[in-house]
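Architecture at a glance
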Amino acid sequence: MTFDILTLFPGMFSGFFSESIVGNALARGLLGIGIHNIRDYATDRHRVTDDYPYGGGAGMVMKVEPLAACIEEIKSQRPAAKVILTTPRGRTLDHGLARELAAEEGLIIICGRYEGVDERVRELFVDMEVSIGDFVLSGGEPAAVVIVDAVARLLPGVLGCGESAADDSFANGLLEYPQYTRPPEFRGLAVPPVLLSGNHREIARWRRRESLRKTFMTRPELLESVCVTDDDARFIDELRTGGGDGE
Ligand code: 6GU
């Protein structure tokens, strides 16, 4: 899968994409990332990429011509890629949307400045507007990084066999259970004994219940759209009535 990012600040991406899981996937050729400086597509002498809004008002608006030239050049190489505009007014990114995007051949991600992008960019080129939450960023660059990371880790082969997207928070609709590694005790805090027991059935049950507990405590609304077993339902009842703190 390829990610093409259109930005006025190409320098923001180099560190993020050269390290960790995305950097590793890039090095192994499992994905491709192109960073495109929108300013390179401005044709006037000063390479202007934004201008005052018609009708007045604060802030500047990203001009349509440089974006059009940049998008069209990329699309000529990747006709199947989906064009995404990062904006707080878009559809909020969640695990389901990350999975939808991971099924695409390519994504062309336009990093919008928060003041705005000429509406004709949307009309002519944008397939989907995506937000990463109900807050305002000064530009879409951090959002593009978030989208690439969330999507890349769902692609085949990107996570090693030691890591698994199937266990992630949200993959099963629940938040992830607590994890521990050595030492078995630190400052009086012991690892739950069941994890040291070697009993895989009991470990799986404990993890499921801790996922349910964590979700119940911090994101109870998620429980409404998750498939629960009879055992889960009994445990959730215990949590509701103030029990559920162990056997
Ligand atoms: Cl995608 N862009 C900007 N500028 N602000 C945001 C956002 C995106 N998502 C949340 N806030």
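Model, not experiment: these values are computed from the prediction. (Residues numbered from 1 in each chain as written. Predicted model: local features only at pLDDT ≥ 70, side-chain atom pairs only at ≥ 80, totals over all residues. Heavy atoms only, no water.)

1. Description of the environment of N199
- For N199, the position within the fold is in the loop between β9 (189-190) and α7 (200-218).
- Exposure remark for N199: the relative accessible area of 36% places this residue in the partly exposed category.
- At 3.2 Å, the side chain of N199 and the backbone nitrogen of R201 are in polar contact. (Helix = DSSP H or I, 4+ residues; strand = E, 2+ residues; numbered from the N terminus. Buried < 20%, exposed > 50% of the residue type's maximum accessible area, 1.4 Å probe, protein only. Polar contact = N/O pair within 3.5 Å; in protein donor to acceptor, adjacent residues only side chain to side chain.)

2. Structural notes on the site of the ligand
- Inspection of the region around the ligand gives T86, T87, P88, V130, S131, I132, G133, F135, V136, L137, G139 and A143 as its neighbouring residues.
- Within the backbone of F135, one N or O atom sits 2.5 Å away from a nitrogen atom of the ligand.
- Within the backbone of L137, a nitrogen or oxygen atom sits 3.1 Å from a nitrogen atom of the ligand.
- Protein coverage of the free-state accessible area of the ligand, which is 290 Å², stands at 99%.
- Considering every element that reaches the shell around the ligand, the biggest residue donor is strand β5 (residues 82-92), with three residues. (Near = heavy atom within 4 Å. Areas by Shrake-Rupley, 256 points an atom, 1.4 Å probe, with all protein chains shown as cover.)

3. Some remarks on the pairing of strand β6 (residues 106-111)
- Counting buried residues in β6 gives six out of six residues, a clear majority hidden from the surface.
- Of the two faces of β6, both are covered, the one formed by G106, I108 and I110 as well as the one formed by L107, I109 and C111.
- Note: strand β1 (residues 2-7) against β6, five bridges, orientation parallel. Paired with T2 across the bridge in β6 is G106.
- In this sheet, β6 lies alongside β5 in parallel orientation, the contact comprising five bridges. Bridge pairing in β6 links I84 to I109. (Pairing = 2+ DSSP bridges.)

4. Thoughts on the pattern of salt bridges
- Taken as a whole and assessed by the stated rule, the structure comprises 17 salt bridges.
- One salt bridge connects D232 with R208, and the closest N-O pair in it is separated by 2.7 Å. Of this pair, D232 sits in helix α8 (residues 230-240) while R208 sits in helix α7, placing them 24 residues apart in sequence.
- R209 is paired through a salt bridge with D231; the nearest N and O atoms lie 3.2 Å apart. In this pair, R209 is assigned in helix α7 and D231 in helix α8, connecting sequence segments 22 residues apart.
- Note on R209: relative accessible area 8%, which makes it buried.
- What emerges from the salt-bridge pattern is a single network uniting R89, E119, R122 and E129. (Salt bridge = Lys/Arg side-chain N within 4 Å of Asp/Glu carboxyl O.)

5. Focus: the domain arrangement of the protein chain
- We note that the domain assignment places domain 1 (2-152) and domain 2 (170-240) within the protein chain.
- The distance between the C-alpha centroids of domain 1 and domain 2 comes to 37 Å. (Domains from an automatic or database assignment.)

6. Quick look at the packing of helix α4 (residues 95-102) against helix α6 (residues 141-152)
- Running from amino to carboxyl end, α4 crosses α6 at an angle of 75 degrees, the nearest separation of the two axes being 9 Å. As far as their axial angle goes, α6 and α4 are roughly perpendicular. Facing α4, whose interface residues are A98, L101 and A102, α6 presents I147, A150 and V151.
- Counted by class, the contact of α4 with α6 contains six nonpolar, no polar and no charged residues. (Axes fitted to C-alpha atoms, helices over the stretch in contact; angles between N-to-C directions. Parallel < 35°, antiparallel > 145°, perpendicular 65-115°, else oblique. Contact = heavy atoms within 4.5 Å. Nonpolar A, V, L, I, M, F, W, Y, C, P; charged D, E, K, R; others polar.)

7. A closer look at the state of the cysteines
- Applying the stated rule across the entire model yields zero disulfides.
- C70 takes part in no disulfide bond, and the closest cysteine sulfur to it belongs to C111, at a distance of 11 Å. (Disulfide = S-S within 2.5 Å.)

8. Here we look at unusual backbone geometry
- R182 connects to P183 through a cis peptide bond whose omega is 5 degrees.
- Mapped onto the secondary structure, P183 falls in the loop between α6 and β8 (185-186).
- Phi is positive for S20, which is not a glycine, with a value near 60 degrees.

9. Quick word on the nonpolar core
- Counting residues in hydrophobic clusters, the biggest one holds 27 residues, and the most contacted among them are F3, I5, L101, I109 and V151.
- Listed by contribution, the elements that provide at least two residues to this core are β1, α2 (20-27), α4, β6, β7 (128-131) and α6.
- Take this core: its biggest share by element is six residues, from α6.
- Not counting residues within four places of it along the chain, the set of residues in contact with I109 comprises F3, D4, I5, L6, I84, T86, A144, I147 and V148. (Core = buried A, V, L, I, M, F, W, Y, C linked by side-chain atoms within 4.5 Å.)

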